[in-house]
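Structural overview
Now for the letters of each chain:
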Amino acid sequence: MNNFFLTVGIEIHTQVNTKTKMFSNTSICNDTTIENINKFVNEYDLGMPGVLPSINEEVIKKAIIFANALEMKINKNLRFDRKNYYYQDLPKGYQITQNFFPFAIEGKIKISNKSIGINRFHLEEDTAKQIIDNEKIILDYNRSGIPLIEIVSEPEMHSSDEVIEYLQKIKQILTFLEISDGEMENSSLRVDVNISVSKNNLEKGIRVEIKNLNSFSNVRDAINYEFERQVKLINSGSHVDQETRKWDEKKRQTIFMRNKKNSIDYKYCAEPNILPIDISNIVDNIKLDKKSLPCNIAIYLEENGLNKEMVNLLLNDYKIYKVFQYANKKINDFNLCASWILVELTGVLKEIKIYELNEIKLNNIIDLILLIKSQEINNKQGKVLLQEIIKSDKNAKELIIELNFKQITDKNIITKELQEIINNNKELIIKNKNNYEKIKKIIIGQLMKITNGQANPVISNQILEELLIKVLE
């Protein structure tokens, strides 16, 4: 494998966050359950004769912000084209897109070791969704007409790791600037991968496309599999065909779809129902808030003490980042909030399969973290309370009473227990006298174990400070 050179280019289709569709005033419904099928459509979405498109200005504004974030040149003369083909998911018999004059060109994304060029991105409308139910194909026109941005990279990635990092960076910009929610599981972000394999970096191999990958793990696996498949073909003396393939999740392999040599001629032409529009004023009036860019948020979080691992976790989940940001405004403790939001909260949410938090729950979680910060409750109690808060709308103080969380506040009892722990660990204490915080953590940990987590943390720490001073004098 080391004798072969991999080249990858990426096409991303991402749904734009707007209330209505690209060329009609139909509301967008992201609930894809069977009950909602074809409830959010109008005459235009169904391709009825005589109905004209009307551009969603909100899409244009978000596209401008995205172009600015990628440092791209915007085409201020907005034009659309028709992509002509007949298929059951396209009721008009054509798709409105931008083939000849893309919205923006010549961008770049910085990854760890280099910059990846972005050739262009353009706006277009989505097609209907096909659902297979009991061996029947159901067409859901709710998705027909949803606004999309298609982002086309240069073929400048040479490993699946580079591809994943590129995708993560794009997704971060899309979500943090609230251009798209970037949720691949809901088809808000879909990826097509173009792969070629050659024996050196001076030439390119035959390009093979893999369509509609719906998770980062599938992207990685598809690239690695296709690389190995093409290397085996070349080594055996066989020819790599220029074709379109898809990823089979069950078989964990790419499957042939169609040959590129017989690709459809879409007969692109200018869209006659949308005349060119000068968007210079809109472009000039929309400014990018650079503080909202993920790269600048990362710097801010690191400057406030978060390690790179925690920063990356926040950047890769905008919903959790918003929870963190909301909590930290009231608590003002970056590391405490990150620990409880990123570790404890996400763990509970995943376990009980809850993905949205209402304002009541959010505020109750903040009150819980404040109780932990003030040491009125310990971490063990906090973890129990967190689960109950997520399951109900009760706050921490109500649950403390309800769960009968007892606390030992008697100083004599706490002093006796601490003194016994110290007597049993004098050698360890003397050995680690230069690491004061470590000694305290060990002793308090033993105290909580002995008292089943019921010793009051504030009182316990105060007494321990006094006892340790005597031992270490």
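Predicted, not measured: the structure shown is a model, and the values here were computed from it. (Residues numbered from 1 in each chain as written. Predicted model: local features only at pLDDT ≥ 70, side-chain atom pairs only at ≥ 80, totals over all residues. Heavy atoms only, no water.)

1. Section: the sheet that holds strand β1 (residues 5–15)
If you trace the nine strands from one edge of the open sheet to the other, you get β2-β6-β7-β10-β1-β11-β12-β13-β14, paired in mixed fashion. Of all the strands in the sheet, just β2 (73–74) and β14 (253–259) have a single pairing partner and so form its edges. As defined by bridge partners, β1 adjoins strand β11 (residues 189–198) across ten bridges and the pair is classed as antiparallel. Of the residues in β11, the one forming a bridge with valine 8 is isoleucine 195. The sheet strands contacting helix α1 (residues 57–69) are β2, β6 (104–110), β7 (115–125) and β10 (147–153), and the helix crosses β7 at an angle near 175°. Packed on one face of the sheet, helix α3 (residues 216–235) meets β1, β11, β12 (208–213), β13 (243–248) and β14 and runs near 25° to β11. (Pairing = 2+ DSSP bridges. Helix = DSSP H or I, 4+ residues; strand = E, 2+ residues; numbered from the N terminus. Contact = heavy atoms within 4.5 Å. Axes fitted to C-alpha atoms, helices over the stretch in contact; angles between N-to-C directions.)

2. Overview of the environment of arginine 82
Along the chain, arginine 82 turns up in strand β4 (residues 81–84). Put simply, arginine 82 and glutamine 98 are 16 residues apart on the chain and 7.8 Å apart in space, counted from C-alpha to C-alpha. Not counting residues up to four positions away in its chain, the partners in contact with arginine 82 are Tyr94, Gln95, Lys267, Tyr268, Cys269, Ala270, Glu271, Pro272 and Asn273. There is a polar contact of 3.2 Å between the side chain of arginine 82 and the side chain of tyrosine 94. At a separation of 2.7 Å, a polar atom in the side chain of arginine 82 contacts the side chain of glutamate 271. (Polar contact = N/O pair within 3.5 Å; in protein donor to acceptor, adjacent residues only side chain to side chain.)

3. What to know about unusual backbone geometry
Its identity as a non-glycine residue notwithstanding, asparagine 212 has a phi of 55°, on the positive side. With respect to the helices and strands, asparagine 212 occurs in strand β12. Positive phi outside glycine occurs at lysine 267, with the angle close to 50°. Along the chain, lysine 267 falls in the loop between β14 and β15 (269–270). According to the relative accessible area criterion, lysine 267 is exposed, its value standing at 57%. (Buried < 20%, exposed > 50% of the residue type's maximum accessible area, 1.4 Å probe, protein only.)

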